[in-house]
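What follows is the residue order along each chain.
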Amino acid sequence: MSECPNHLTFEVKNGEVVNVDCDGYESRGTNAVAMLKELVARMPEPFEGRRGYVNFQDFPPVPVPEGFDLMFCGTRWVDEPSPFLPFPSSNSPAWPQVGITDGPGLIDELLAWDKPPEDQRAFWLGTNLHPARVRLAGLSREFPEAIDAELMDWKRDAGQVEHQSTARFVSMRDQNRYKYLIDCPGLGYSGRLRWLLATGRPVFVIDRPWVEHWHARMKPWVHYVPVLDDLSDLMRAYHRLEADPVLYRMISENARMFVRQNLTRSKELERIAEYMKSEGANLK
């Protein structure tokens, strides 16, 4: 399966997930198999006797694979119908390569955080995987009073970081010190958005063609702050929020409510199970 990494195939017999063939980057494969087994345990009927496919790449596969009774994917194209059933991000249980050893536990911890921000700027730190990230770092140099954004090198195989211009590493917990956070696309969707929303800081979400399956349930300027992919409206959005504390607080509260209702581990799997049940007649 190495020619198409970050997916798995499986069968379900007598309520058990068997014949698993998995090719996953970092901890994605292990996480995906564990979540699949948990989903099957919740509702084995739609799975029984079927052969399935789960894609956990950063974007949906093209072309769509054939020969499977059930197909899942953690991402989808924006504003297009998806041929896949939804699946949680394979980084959501744990992402040790970026210091997240307990994804659901971190969600709970961030939701409980109630300290005011120490830094009034918008923050982002990450690797150079997308042109928008380069533009964001450039804006930070142009408007250092409003944006703290920087590119870094990442030694993935060791779970460590090497930096182009600084020796710092800012954990998800430490990002809470900023008044605003920024979510920028990488090779595909950005897996960090669920934790950013849980912080209670308004998140500037830069436009991207792929999103997680739950993204369409969010509304711009209600749950997050939309930003064009060329970042031409980022500073305008920043100043709008700076001038409107009521809007700031509303987006913060709505984002956290969305996470509580949709992105805790049990809620996300529960919603997927409900979706499968409602779509049962359409499943092969």
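Residues numbered from 1 in each chain as written. Predicted model: local features only at pLDDT ≥ 70, side-chain atom pairs only at ≥ 80, totals over all residues. Heavy atoms only, no water.

1. Observations concerning the sheet that holds strand 4 (residues 70-73)
Alright, step 1. Spatially, 2-1-3-4-6 is the arrangement adopted by the five strands of the open sheet, whose pairing is mixed. Each edge of the open sheet is held by one strand with a lone partner, namely strand 2 (16-23) and strand 6 (85-86).
Alright, step 2. As judged from the two bridges shared by strand 4 and strand 6, these two strands associate in the parallel manner. Bridge assignment links Cys-73 to a residue of strand 6, and that residue is Pro-86.
Alright, step 3. Sheet strands in contact with helix 1 (residues 28-42) are strand 1 (7-13), strand 2 and strand 4, and its direction is about 160° off that of strand 2. (Pairing = 2+ DSSP bridges. Helix = DSSP H or I, 4+ residues; strand = E, 2+ residues; numbered from the N terminus. Contact = heavy atoms within 4.5 Å. Axes fitted to C-alpha atoms, helices over the stretch in contact; angles between N-to-C directions.)

2. With respect to the pattern of salt bridges
Alright, step 1. A complete count under the given rule lists eleven salt bridges for this structure.
Alright, step 2. Put simply, Arg-173 and Glu-109 hold a salt bridge, and the shortest N to O gap is 2.9 Å. In this pair, Arg-173 sits in the loop between strand 10 (160-162) and strand 11 (178-183) while Glu-109 sits in helix 2 (residues 103-112), placing the two residues 64 residues apart along the sequence.
Alright, step 3. According to the relative accessible area criterion, Arg-173 is partly exposed, its value standing at 38%. (Salt bridge = Lys/Arg side-chain N within 4 Å of Asp/Glu carboxyl O. Buried < 20%, exposed > 50% of the residue type's maximum accessible area, 1.4 Å probe, protein only.)

3. Some thoughts on the packing of aromatic side chains
Each aromatic ring pair is specified by the distance between its two centres and by the angle formed by the two planes.
Alright, step 1. One pass over the full model with this rule turns up twelve aromatic pairs.
Alright, step 2. On the numbers, 4.5 Å between centres and 20° between planes, the contact of Phe-123 with Tyr-178 is stacked. With a gap of 55 residues between them, Phe-123 in strand 7 (residues 119-126) and Tyr-178 in strand 11 connect regions that are remote in the sequence.
Alright, step 3. Relative accessible area serves as the criterion here: at 0%, Phe-123 is assigned to the buried category.
Alright, step 4. Note on Tyr-178: relative accessible area 3%, which makes it buried. (Phe/Tyr/Trp six-rings, centres within 6.5 Å; stacked < 30°, edge-to-face > 60°.)

4. Points about the sheet that holds strand 8 (residues 147-151)
Alright, step 1. Spatially, the five strands line up as an open sheet ordered 8-7-11-12-14, and their pairing is parallel. The strands lining the two open edges of the sheet, one partner per strand, are strand 8 and strand 14 (225-227). Here the average twist between neighbouring strands, direction ignored, is 25°.
Alright, step 2. Taken together, the five bridges between strand 7 and strand 8 define a ladder with parallel strand orientation. The partner of Trp-124 across the bridge, within strand 8, is Ala-149.

5. Let's talk about helix 7 (residues 265-278)
Alright, step 1. Its 14 residues place the ends of helix 7 20 Å apart at the C-alpha level, agreeing with the 20 Å of an ideal helix rising 1.5 Å per residue.
Alright, step 2. When helix 7 is considered as a whole, its buried residues turn out to be Glu-268, Leu-269, Ile-272, Ala-273 and Met-276. Seen along its axis, helix 7 keeps its buried residues to an arc of 135°; they face one direction. Opposite the packed face of helix 7, turned more than 90 degrees from it, sit the exposed residues Lys-277 and Ser-278.
Alright, step 3. Those residues of helix 7 that are buried are in contact with helix 1, strand 4, strand 6, helix 4 (193-198) and helix 6 (245-262). (Expected span 1.5 Å × (residues − 1). Arc of directions from axis to C-beta.)

6. What to know about the packing of helix 1 against helix 7
Packed helix pairs are specified by the crossing angle of their axes together with the interaxial distance, meaning the distance between the axes.
Alright, step 1. Here helix 1 crosses helix 7 at 55°, and the two axes come no closer than 10 Å. When the axes of helix 1 and helix 7 are compared, the pair comes out oblique. As for the relative orientation of helix 1 and helix 7, their crossing is right-handed in sense. Contacts between helix 1 and helix 7 involve Met-35, Glu-38, Leu-39 and Arg-42 from the first element and Arg-265, Ser-266, Leu-269, Glu-270, Ile-272, Ala-273 and Met-276 from the second.
Alright, step 2. The residue makeup of the contact of helix 1 with helix 7, split by class, is six nonpolar, one polar and four charged. (Parallel < 35°, antiparallel > 145°, perpendicular 65-115°, else oblique. Left-handed = near helix turned anticlockwise from the far one by under 90°. Nonpolar A, V, L, I, M, F, W, Y, C, P; charged D, E, K, R; others polar.)

7. Focus on the nonpolar core
Alright, step 1. Core analysis: the largest hydrophobic core is formed by 27 residues, its most contacted members being Met-172, Leu-193, Trp-195, Leu-197, Trp-214, Met-218 and Val-259.
Alright, step 2. Among the elements of the structure, helix 2, strand 7, strand 11, helix 4, strand 12 (203-206) and helix 6 are those that each provide at least two residues to this core.
Alright, step 3. By residue number, the principal contributor to this core is helix 4, which donates five residues.
Alright, step 4. Within the second largest apolar cluster, 26 residues are counted, among which are Ala-122, Leu-241, Leu-247 and Ile-251. (Core = buried A, V, L, I, M, F, W, Y, C linked by side-chain atoms within 4.5 Å.)

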